[in-house]
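Residue strings, one per chain:
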Amino acid sequence: MVNITADELEPQQGIAHLTEHVAYMGSRKRERLFGTGSQTNAYTDFHHTVFYAACPTATPRGNVPMLPMALDALCDVMEARVEPSRLEKERAAVLSEMTMVNTIEYRVECQILSTLHRENRLAKRFPIGKEDLIRSWDTRDVRHFHRTHYRPDNVLLYVVGDVDVRDAERHIRDKFGGLSGRR
């Protein structure tokens, strides 16, 4: 979980959501979890971007431990490559999502939230973002946002399940130990 959405600046409204798409969908290591009975996804709300992998303890074939694979996929999100082709695919996905959620119920909910949060940034910072801004960002903008916010000191990692604590700690050190807060 990355704490970022509420930190978007005025010209960044929606960049956390777009960055989530680029980082998650651009992860090749996430694709290695396909066919293992794992479920992965990502979402951005008012306060966080969350990436998760719900995996069995071992692969269905071969009985290979899944924790290292899941952590590898999550680490890949932290090291996302922001490629122009991936950015364009995800920009189109976010704009499509924006069209799908633009219902009367959503607009009423936005009005209610704007009224409830009138005194703070959340009144104007909806995770989906602003269309004109989403259309304007290039790879440098998304890469800069990712490097600024996807840092080890800004991330919470939860490991829940039937795992050996020492083994989990070792895998976390192995996978995330090389990440730096400075980029």
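Above this text is the structure in question.
Keep in mind the model is a prediction, meaning the values are calculated, not measured. (Residues numbered from 1 in each chain as written. Predicted model: local features only at pLDDT ≥ 70, side-chain atom pairs only at ≥ 80, totals over all residues. Heavy atoms only, no water.)

Participant: Go over the packing of aromatic side chains, please, and point to the residues and values.
Facilitator: For the structure shown, the criterion picks out 2 aromatic pairs. Put simply, the rings of Y24, F51 and Y150 pair up and form one aromatic cluster. Sitting over the face of the ring of Y24, R30 holds its NZ or CZ atom 4.3 Å from the ring centroid. (Phe/Tyr/Trp six-rings, centres within 6.5 Å; stacked < 30°, edge-to-face > 60°. Lys NZ or Arg CZ within 6 Å of the ring centre and 35° of its normal.)

Participant: Describe in detail the layout of surface pockets, supporting the description with residues and values.
Facilitator: Looking at the largest pocket, its volume works out to about 770 Å³. Forming the boundary of the largest pocket are 37 residues, of which L71, L74, L157, Y158 and V159 lie nearest the centre. Put simply, the parts of the chain that give the lining of the largest pocket at least two residues each are strand 3 (48-54), helix 3 (67-78) and helix 8 (165-176). In terms of residues, the lining of the largest pocket owes the most to one element, helix 3, which gives 7 residues. Class assignment for the residues of the lining of the largest pocket results in 31 nonpolar, 3 polar and 3 charged. By volume, the second largest pocket is sized at about 230 Å³. M98, Y106, I128, G129 and K130 are the residues nearest the centre of the second largest pocket, which is lined by 13 residues in total. Listing elements by their share of the lining of the second largest pocket, those giving two or more residues are helix 4 (84-101) and helix 5 (104-116). Take the lining of the second largest pocket: its biggest share by element is 3 residues, from helix 5. (1 Å grid on protein atoms, 1.4 Å probe; cavity = no way out; pocket = protein on both sides within 12 Å on 5 of 7 lines; lining within 4 Å. Points joined across faces, edges and corners; volume = space filled by probe spheres on them. Helix = DSSP H or I, 4+ residues; strand = E, 2+ residues; numbered from the N terminus. Nonpolar A, V, L, I, M, F, W, Y, C, P; charged D, E, K, R; others polar.)

Participant: A description of the packing of helix 1 (residues 15-25) against helix 4 should follow, citing residues and the corresponding values.
Facilitator: At a closest axis distance of 9 Å, the pairing of helix 1 and helix 4 adopts a crossing angle of 130°. One way to sum up the angle between helix 1 and helix 4 is to call them oblique. Our pair here, helix 1 against helix 4, has a crossing hand that is right-handed. In contact with H17, L18, H21, V22 and M25 of helix 1, helix 4 contributes R86, L87, E90, R91, A93, V94 and E97. (Axes fitted to C-alpha atoms, helices over the stretch in contact; angles between N-to-C directions. Parallel < 35°, antiparallel > 145°, perpendicular 65-115°, else oblique. Left-handed = near helix turned anticlockwise from the far one by under 90°. Contact = heavy atoms within 4.5 Å.)

Participant: An account of unusual backbone geometry is needed here, citing residue identities and associated values.
Facilitator: Phi is positive for N63, which is not a glycine, with a value near 55°. Relative to the assigned elements, N63 resides in the loop between strand 3 and helix 3. Residue N63 is classed as exposed on the basis of its relative accessible area, which comes to 59%. (Buried < 20%, exposed > 50% of the residue type's maximum accessible area, 1.4 Å probe, protein only.)

Participant: How would you sum up helix 8? Please name residues and give values.
Facilitator: End to end, helix 8 covers 16 Å across 12 residues, agreeing with the expected 16 Å (1.5 Å per residue, within 8%). Taken as a whole, helix 8 has its buried residues at A168, H171 and F176. With its buried residues spanning 100° around the axis, helix 8 presents them on a single face. Residues R166, R173 and D174 are exposed on helix 8 and point more than 90 degrees away from its buried face. Turning to helix 8, the residues buried within the fold contact helix 3. N-capping of helix 8 is provided by D164, with a side-chain oxygen placed 3.2 Å from the backbone N of R166. (Expected span 1.5 Å × (residues − 1). Arc of directions from axis to C-beta. Polar contact = N/O pair within 3.5 Å; in protein donor to acceptor, adjacent residues only side chain to side chain.)

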